[in-house]
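Architecture and fold: a report
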Amino acid sequence: MTGILEVQGVSIAFGGLKAVQDFRLSLREGGLQGLIGPNGAGKTTVFNLLTGVYRPDSGTVSLGGHNLIGLKPHQIARAGMARTFQNIRLFADLTVLDNIRIASHARTWTSTLASVLRTPGAIAAESAITEHAMELLDVLGLADRAQETARNLPYGDQRRLEIARALALDPEVLLLDEPAAGMNPQEKIALRGLIRTVRERFSLSVLLIEHDMGLVMDLCEQITVLDHGTVIADGSPESVQGNPRVIEAYLGAPSAEVSA
Amino acid sequence: MTKLLQTLMDGVSVGSLYALIALGYTMVYGILKFINFAHSDIFMLGAWVSFTLATLMGWTSDAPWIAGPAVICGSMLICGTIGFVIERLAYRPLRAAPRINVLITAIGVSLFLENVGQLEYVFGTRPQRMPSLLPDTVLASVAGVSIRLVDVLVIGIAFSLMGALEYLVFSTKLGRAMRAVSHDLKTASLMGIDVDRVISITFIIGSSLAAAAGFLTAAKYPSINQPAHSNWILFGLKAFVAAVVGGIGNVRGAMAGGLMIGLVEMFGAAFFSPNLRDVYVFTLLIVVLLIKPDGLLGRATVEKV
Amino acid sequence: MARESGLKARAAALAPEPMTVLKQSVLPLVAAFVIPLIFHFGIGPSVGAYPSKVLLDIGINVVLAVSLNLVNGFTGQFSIGHAGFMAVGGYTAGLVTYYGGYRIWGDSLPHGGFLGAGEMLFLVATIAAALSAAAFGYLVGLPSLRLRGDYLALVTLGFGEIVRVMIQQTSDIATDATEIAATSWPSLLWKVGGALGFTGLPFYTSLFWVWLWVSLTVLVASRLKTSTHGRAFLSIREDEIAAEAMGIPTTTIKVRAFVMSAAFAGVAGSLFAHEVGTTLNPGELGFQKSFEVVIMVVLGGMGSVSGCVLAAIVVTVLPELLRSVDEYRMVAYALTLILMMILRPQGLFGLREIWEIWPFKALFRSEAK
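Quick notes on the rules
Residues numbered from 1 in each chain as written. Chains lettered and ligands numbered in written order. Predicted model: local features only at pLDDT ≥ 70, side-chain atom pairs only at ≥ 80, totals over all residues. Heavy atoms only, no water. Helix = DSSP H or I, 4+ residues; strand = E, 2+ residues; numbered from the N terminus. Buried < 20%, exposed > 50% of the residue type's maximum accessible area, 1.4 Å probe, protein only. Contact = heavy atoms within 4.5 Å. Lys, Arg positive; Asp, Glu negative; His and termini not counted. Charge placed at Lys NZ, Arg CZ, Asp CG, Glu CD. Salt bridge = Lys/Arg side-chain N within 4 Å of Asp/Glu carboxyl O. Polar contact = N/O pair within 3.5 Å; in protein donor to acceptor, adjacent residues only side chain to side chain. Nonpolar A, V, L, I, M, F, W, Y, C, P; charged D, E, K, R; others polar. Core = buried A, V, L, I, M, F, W, Y, C linked by side-chain atoms within 4.5 Å. Pairing = 2+ DSSP bridges. Axes fitted to C-alpha atoms, helices over the stretch in contact; angles between N-to-C directions. pLDDT = per-residue confidence, 0-100. Parallel < 35°, antiparallel > 145°, perpendicular 65-115°, else oblique. Left-handed = near helix turned anticlockwise from the far one by under 90°. 1 Å grid on protein atoms, 1.4 Å probe; cavity = no way out; pocket = protein on both sides within 12 Å on 5 of 7 lines; lining within 4 Å. Points joined across faces, edges and corners; volume = space filled by probe spheres on them.

Turning to the overall build of chain C, a few remarks are in order. Tallying secondary structure elements over chain C gives 16 helices and zero strands in all. Taken along its principal axes, the extent of the C-alpha atoms in chain C is 65 × 50 × 50 Å. Put simply, chain C has 369 residues, and 59% of those count as buried. When contacts within chain C are restricted to residue pairs at least 6 apart in sequence, those whose partners lie at least 24 apart make up 81%. One finds the centroid of the 24 positive side-chain charges in chain C at a distance of 11 Å from the centroid of its 23 negative side-chain charges.

If you want it as structure tokens, here you go:
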């Protein structure tokens, strides 16, 4: 069975340093999969490889059967893969609403000329974009903050805004890079429900990088473990937890984190 | 053949001036990652301060032998101080600001220096003639090319200053600190390097090198333009182009780039059209940036996501 | 390959009311034509010749500032070669009205009155100016695909200088009607006066034309800013990597910003070329002119259309008022620029428009109610 996102033998080296080697992954349609590993294991590099920020030295990446290698990041985004960033990258000086509406740009069809002439079609398109954005803000619980400047949002809200923005692309696959980082326990519980909700509601497949093991083990049905750029384990949360190589990789990090 | 040798001589002579100025650009860029637009104005000040010092001392004709060395040292000292003050007042408050803001500030500083220089009681708006502090003698004639003392001194002084800088950067403790700060400012400060001090020293060195170039330029081309004349900025810009072509942040690259720009300009002027010399330089810049954006001796940088 | 987003279906259900279309789309366009008429027939004649001339200068600077704002403000790129585009536009337009005038009427004097044949030729010339400057904007925009920040600034500056030096190399203007009639267009292209400037152009630039182009430039910029295309510009300024990840084709849009910006700079060049009391010469259009426009954009706020308009007005009027202390003018500009960057780096208005700022915000709110 092939998944919606298929990754085979992807490697990249930066100036002799092999950052990711022979990475493989198969994300089932509608699946919720975790990508974990100690700090510096190459998780974010994998995201950058999947989204076209880096071009892999070798290997294949395909989304819904279409090859993604060699496409630019914006083409991959348009093809249906959206992401969030570990070190939040919002459009900080713009409003919350505009942050989301920007992601809808990829789905609009009006020309620059039509926008400048304010044709009835362009006006309708703008209304549609705004309505769609407000709906997303509603789902993420940010509707009453629509007119605020993104940089003024509290940290947890910024993380959720990143998710909302990614959803505005109408993706098939959502890559979440440590969405719970910096959140307090209540926010983390809410986030857990949120990820489940948006997956259902927008029929997404989700790939999740997260350090909070409780969150990962609870949410994900499949987990890939990365260490030093290579996949050391792959399987259900239970099988990964019991895997001696995984436990070894996490030595040095508190082992309680693994079993939590 | 004569023309070839003569052009080579001119190219190396002008190129070494570019190289001297390029060093200041490249050192500042290496550490603070912005184009110090005001650097070409320090170069301008170098020439004007030299002129003013010579006039004040009454060295207008038959200057004693001490005049040249005294004026160049005085000019380097004064411009080094100005460079230090500029960094302190205008650039330091923006250490954490986006690079574009620092660039705009640098343009502001540049406009400020030019227009203050134009004020009647500073340098005024009239071009002046630099008194000749060096005897204008032809040292020798090789294959029909006359080797002028000025050119020999320009090249000689420029190369000795570059040699001194090379020694400073690669063989002293201070140089090691400078390279560390240039490599990674944050880590360097964690390692106990006084980053502010290193940056101040960088500005002082860069500015005094530009002042030396200003003096030498005035010695080579004695008619000095008014402070806000676009030729100053243009000369400085070509020096920056030299720094970029050589690989910005790279001291040896700046020297190589300076010579290269000087040669391209002079050969283009001699063998194609003398009116288009600026066009050659900027075309070279655009070509280099498009083919190898990090310059000939530069290293590629990857942005972290 | 992407799934249907549903935006289109949503838009179909949201077709705007006729009144909305009238208010949002038609009325501003009408105003864009009425305002210049008011300037031309109302304000101009009542204030006299000198203030009218200042109003022309203000208008041209507004067009320059608002158009540079598309690149430096909206898109966050840094161009300091705006005068180069202005020069390209000015010389293109000059060629059309000067040699075109000779070909048509046998001289280069203004023909026809308000909106007469001569002014139509001027309109054609200005559009040609926009197109040729846009073509250069495309060429200069291309390196922006590979270069960031200050390197790009350097390329734009280099471009402006190349244009200036090339124009200096051109040969004398042809002044003999029979000679011009006998010369082919390609060889006329080079006869634009060299360093002395392209003199003898007909004075078509009137309050009507200047303020018509001001209105159109402001209209385009402000509508762009509040549309999905403008937001795409802004996203690049905010975070290029995030914009790319959100499906914004950043390279295409950067080039588009350059092209649009250059086109309006070309228009400003044409207006400048045909204005009474100005000479179209390469010395006027060097990087000092580019810096002046950068100052306007920085003062007004990078990204604020109304802020740029205000800054352009101030930067034009202030020197007129301070003529007696002219030598301090540039010193004051320079200090303002430095202090601005240290104290208020986003410019007076930042990204916001004047009516989004507190005292005015209240004003406009209450009006809306």
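Glancing now at the interface of chain C and chain A. With 40 residues of chain C at the contact, the number on the chain A side is 51 residues. Taken together, chain C and chain A are joined by four salt bridges. Residue C:R231 is joined to A:E126 by a salt bridge in which the shortest nitrogen-to-oxygen separation is 3.0 Å. Inspection of the region where chain C meets chain A yields 21 residue pairs in polar contact (both at pLDDT 80 or more). Those elements that provide at least two residues to the side of chain C that touches chain A are α1 (7-13), α2 (18-47), α9 (207-225), α10 (228-238), α11 (240-245) and α12 (250-273) of chain C. Ranked by the residues each element gives to the side of chain C that touches chain A, the list is headed by α10(C), at eight residues. The residue makeup of the side of chain C that touches chain A, split by class, is 21 nonpolar, nine polar and ten charged.

This part covers the nonpolar core. In a soluble, globular protein the nonpolar side chains are often hidden away together inside. Ranked by size, the top nonpolar core spans 266 residues in total, and within it B:F37, B:Y91 and C:F198 carry the most contacts. Excluding residues that lie within four positions of it along the chain, B:F37 makes contacts with B:Y25, B:L103, B:A106, B:I107, B:S110, B:L237, C:I80, C:L157 and C:F291.

Quick look at the pattern of salt bridges now. All names here are of chain A. Tallying each qualifying case throughout the model produces 33 salt bridges over all chains. Here E148 makes a salt bridge to R145, at a shortest N to O gap of 3.3 Å. Linking D212 and K188 is a salt bridge whose minimum nitrogen-to-oxygen distance equals 3.0 Å. Placement of the pair is D212 in the loop between β8 (205-209) and α8 (213-219) and K188 in helix α7 (residues 185-201), with a sequence separation of 24 residues. Connected via shared salt-bridge partners are R28, R199, E200 and E221.

It is worth spelling out the sheet that holds β8(A) at this point. Residue and element names in this part refer to chain A. Taken in spatial order, the six strands make up an open sheet running β6-β7-β8-β3-β9-β10, and their pairing is mixed. Only two strands of the sheet have a single neighbouring strand rather than two, namely β6 (81-83) and β10 (230-235). Direction aside, the axes of adjacent strands within the sheet are offset by 20° on average. The pairing of strand β9 (residues 222-227) with β10 spans five bridges and is antiparallel. Bridge assignment links T224 to a residue of β10, and that residue is D234.

With 96% of its residues at a pLDDT of at least 70, chain A reaches an overall mean of 91. Scored below 50 in pLDDT, residues 255-260 of chain A makes nine contacts in the model with residues more than four places away or belonging to other chains.

What follows covers the packing of helix α9 (residues 230-246) of chain B against helix α10 (residues 251-271) of chain B. Residues and elements named next belong to chain B. At their nearest, the axes of α9 and α10 sit 7 Å apart, and the two run at 120° to each other. Relative to α10, the element α9 is oriented oblique. Crossing angle aside, the handedness with which α9 passes α10 is right-handed. For the pair α9 and α10, the contacting residues are K238, V241, A242, A243, V245 and G246 in the first and G253, A254, G257, G258, M260, I261 and E265 in the second. In terms of residue class, the contact of α9 with α10 is built from seven nonpolar, four polar and two charged.

This brings us to the pairing of strand β3 (residues 32-36) of chain A. Residue and element names in this part refer to chain A. In terms of burial, β3 is a largely internal element, five of the five residues being buried. Because side chains alternate across β3, one face comprises the buried residues L32, G34 and I36, and the other comprises Q33 and L35, equally buried. Relative to β8, β3 runs parallel, the two being bridged by four bridges. Paired with L35 across the bridge in β8 is I209. Here β3 runs beside β9; their pairing, made up of four bridges, is parallel. By the bridge assignment, L35 is partnered in β9 with T224.

What follows concerns the pairing of strand β2 (residues 138-142) of chain B. Residues and elements named next belong to chain B. Counted residue by residue, β2 has zero buried out of five residues, so it is predominantly exposed. With four bridges joining them, β2 and strand β3 (residues 145-148) adopt antiparallel strand pairing. The residue bridging S141 from the neighbouring strand is S146, located in β3. Connecting β2 to the next strand, β3, in antiparallel fashion are two residues, including A143 with a positive phi near 50°.

So, on to the side chain of C:T126. Take C:T126: it is sitting in helix α5 (residues 117-141). In contact with C:T126, not counting residues within four places along its chain, are C:W213, C:V267 and C:S270.

This part takes up empty space enclosed by the protein. Residue and element names in this part refer to chain B. Applying the stated rule across the entire model yields three cavities of 30 Å³ or more. Lining the largest cavity are 13 residues, with N36, H39, I42, F203 and S207 sitting closest to its centre. Going through the elements one at a time, α1 (2-32), α2 (39-56), α3 (67-91) and α8 (195-220) are the ones with two or more residues in the lining of the largest cavity. For the lining of the largest cavity, the element with the most residues is α8, which contributes four residues. Tallied by class, the residues present in the lining of the largest cavity amount to six nonpolar, seven polar and no charged.

What follows deals with the environment of B:I78. Residues and elements named next belong to chain B. Locating I78 in the fold gives a position in helix α3. Judged by its relative accessible area of 36%, I78 falls in the partly exposed class. For I78, the residues in contact, after removing those within four places along its chain, are V49 and L53.

With that settled, the discussion passes to the layout of surface pockets. Over the atoms rolls a probe the size of a water molecule, and its path tells where empty space is left. Taken as a whole, the second largest pocket holds about 1,200 Å³ of empty space. Around the second largest pocket, the lining is made up of 41 residues, and of these C:E284, C:Q288, C:K289, C:E292 and C:R329 lie nearest the centre. Secondary structure elements with two or more residues in the lining of the second largest pocket: α4 (99-118) of chain B together with α3 (49-74), α6 (149-168), α13 (287-300), α14 (305-321) and α15 (326-343) of chain C. The dominant element in the lining of the second largest pocket, judged by the number of residues it contributes, is α13(C), at six residues. Each residue belonging to the lining of the second largest pocket can be placed in one class, and the counts come to 14 nonpolar, 13 polar and 14 charged.

Glancing now at the environment of C:P249. Structurally, the position occupied by C:P249 is in the loop between α11 and α12. Along the sequence, C:P249 and C:A232 sit 17 residues apart, while their C-alpha atoms lie 8.7 Å from each other. Residues in contact with C:P249, not counting those within four places in the same chain, are A:H74, A:R78 and C:E244.

Residues and elements named next belong to chain A. Reading across the sheet, the four strands line up as β2-β1-β4-β5 and stay open at both edges, with antiparallel pairing between neighbours. The open sheet is flanked by β2 (17-27) and β5 (66-67), the only strands paired with a single partner. Bridging between strand β1 (residues 5-14) and β2 involves seven bridges; their strand directions are antiparallel. Along β2, the bridge assignment pairs I12 with V20. In this fold helix α1 (residues 43-50) packs onto β1, β2 and β4 (58-63), with an angle of close to 115° to the strand it touches most, β1.

Attention shifts here to the side chain of B:T7. Mapped onto the elements of the fold, B:T7 is located in helix α1. Non-local contacts of B:T7, meaning those with residues more than four positions away in its chain, are made with B:M266, B:F267, B:A270 and B:F271.

Below, the discussion takes up α10(C). The element α10(C) is extensively covered by neighbouring structure, given that ten of its eleven residues are classed as buried. Within the span of α10(C), buried status applies to C:T228, C:H229, C:G230, C:R231, C:A232, C:F233, C:L234, C:S235, C:I236 and C:E238.

Now for the confidence of the model for chain C. Here chain C shows a mean pLDDT of 89. Residues at 70 or above account for 94%. Per-residue pLDDT, averaged within each element of chain C, yields its smallest value for helix α16 (residues 358-368) of chain C (56) and its largest for α9(C) (97).

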